[in-house]
Structures are given as structure tokens and as C-alpha cells.
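# Fold and contact review
Each chain is listed here by its residues.
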Amino acid sequence: MKKTCGFTLMEMLIALVILALLASQAYPAFHKQVIRARRQEAQSALLRLMQQEERYYTQANTYIEFSSSSTGEQQRQFKWWSGESKSTSGYEIEAKSCEGEQISQCVRLIATPGTTNVDRTFHDTDCEQLTLTSAGLRLASGPADRCWP
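A brief look at the structure comes next. All of these numbers come straight from a predicted model, not from anything done at the bench.

### Looking at the packing of aromatic side chains
In the structure shown here, the tally under the stated rule is five aromatic pairs. Between Tyr57 and Tyr63 the ring centres are 4.6 Å apart and the planes differ by 25°, which places this aromatic pair in the stacked class. On the basis of relative accessible area, Tyr57 is assigned to the partly exposed category, the value being 27%. With a centroid separation of 5.2 Å and 80° between ring planes, the pair formed by Trp80 and Trp81 is classed as edge-to-face. We note that Trp80, like Trp81, is buried. A cation over an aromatic ring shows up here: Arg38 above the ring of Phe122, its NZ or CZ 4.9 Å from the ring centre.

Here is the structure:
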């Protein structure tokens, strides 16, 4: 009697069902990690930009506003995206004066996820916009409690 090696159709279907169940459990966790990594990338960019703003302040005695549409030579020295390139970044960053204050007194850096100038498919529904001010405030506009470390 000859023994055949191989799998039956039923064994293959069971293996595929198990694989599908494992994938359905792993994908949401992977997606959360991607969002968390991009959020940390934006936080690092905000901290770097705030250091750059402080250096500018020591030279000019004022902070400087900038955005993706800035055209001034000094404003263009500030990187308005969070990642390695504009198209792959999750957040667009802009600098404005703090509410109720002049730009010479306080600056706030705002990182907005998934705009038309960066990866528009990226969304951070937990934290949404991240804000860092020259007074040291770290804020988020989303419903999550801990968006900053």
C-alpha cells in the first residue's frame, strides 16, 4: 500500500481559517503602533522646532511664525512637516502666536495630522492636533488622556 504525502482540502481550509483569525487580531494592534510611532515622530519634530524657535528668539528677540505656505527666507528655514519627506509625513506643522499674546512673547507649534500637504490618509483620532508652546504647555485636541509622554 502506497502512502501519499500532502494535505487534504479540509486541512488547507482549516489552516486558512486559523491564519485569517490571527491576522484579524494582529492588524488592529499593528495599526495602533503605526499611529503611535507617527505621533512620536511629530512630538520629536515639535521639540526640535521649539529649540530652533528659541535659538531664533535669542538672536531676534522675537519668535517667528511659519507654515507650509511661508515664503520668507527666515521662515523657510523651519521644516513644516514631521517626517523625512513632505509626502510621507503624518503631520503638518505651523507656528503661530499664543492666543491673546504677540509673537514676540509666546509661540505655539501646532501639528495637524493628515492634511493635503502631507500624507492625507493618516488620521490620529485619539490625539488629533498636537500643540507645544514656548511656555512649555503640551496639549492635544483629541479625546485621549495621554498624548504626550
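### Observations concerning the sheet that holds strand β4 (residues 138–140)
What links the strands of a sheet is backbone hydrogen bonding, and the strands pair in either a parallel or an antiparallel sense. In spatial order, the strands read β1-β2-β3-β4; together these four strands make up an open sheet with antiparallel pairing. This sheet does not close on itself; its edge strands, each paired only once, are β1 (91–97) and β4. Averaged over all adjacent pairs, the angle separating strand axes in this sheet is 20°, with direction ignored. As paired strands, strand β3 (residues 130–133) and β4 are joined by three bridges and run antiparallel to one another. Of the residues in β4, the one forming a bridge with Thr131 is Leu139.

### Observations concerning the state of the cysteines
Enumeration over the complete set of coordinates arrives at two disulfides. Each sulfur in the disulfide pair Cys98 and Cys106 lies 1.9 Å from the other. One quick way to see it: the torsion about the S-S bond of Cys98 and Cys106 is about -50°, and its sign makes the bridge left-handed. Here the two residues Cys98 and Cys106 agree in accessibility, since each one is buried. Two residues, Cys127 and Cys147, share a disulfide whose sulfurs are 1.9 Å apart. Handedness of the Cys127-Cys147 disulfide follows from its S-S torsion of about -100°: it is left-handed. With Cys127 in the loop between β2 (107–113) and β3 and Cys147 in the segment after β4, this pair connects stretches of sequence that are 20 residues apart. By relative accessible area, which is 7% here, Cys147 ends up buried. For the protein chain, the bonded cysteines pair up as 1-2, 3-4 when numbered in the order they occur along the sequence.

### Some thoughts on the pattern of salt bridges
What the rule picks out here adds up to four salt bridges. In this structure, Arg38 engages Asp119 in a salt bridge whose closest nitrogen and oxygen atoms are separated by 3.0 Å. A residue pair is termed long-range when its members are at least 10 positions apart, and Arg38 in helix α1 (residues 9–60) and Asp119 in the loop between β2 and β3 qualify at 81 residues. When the shortest N-O distance is used, the salt bridge between Glu94 and Lys96 registers 3.9 Å. Looking at Glu94, the relative accessible area reads 24%, which means it is partly exposed.

### Concerning the nonpolar core
Counting residues in each nonpolar core, the largest one holds 26 residues, and the members touching the most others are Leu46, Phe66, Ile93, Leu109, Ala111 and Leu130. Looking at this core, the elements that each hand over two or more residues are α1, β1, β2 and β3. Examining the composition of this core, we find that seven residues originate from one element, α1, more than from any other.

Criteria and thresholds
Residues numbered from 1 in each chain as written. Predicted model: local features only at pLDDT ≥ 70, side-chain atom pairs only at ≥ 80, totals over all residues. Heavy atoms only, no water. Phe/Tyr/Trp six-rings, centres within 6.5 Å; stacked < 30°, edge-to-face > 60°. Buried < 20%, exposed > 50% of the residue type's maximum accessible area, 1.4 Å probe, protein only. Lys NZ or Arg CZ within 6 Å of the ring centre and 35° of its normal. Pairing = 2+ DSSP bridges. Helix = DSSP H or I, 4+ residues; strand = E, 2+ residues; numbered from the N terminus. Axes fitted to C-alpha atoms, helices over the stretch in contact; angles between N-to-C directions. Disulfide = S-S within 2.5 Å. Salt bridge = Lys/Arg side-chain N within 4 Å of Asp/Glu carboxyl O. Core = buried A, V, L, I, M, F, W, Y, C linked by side-chain atoms within 4.5 Å.

Remember that the coordinates give geometry; whether it matters functionally is a separate question.
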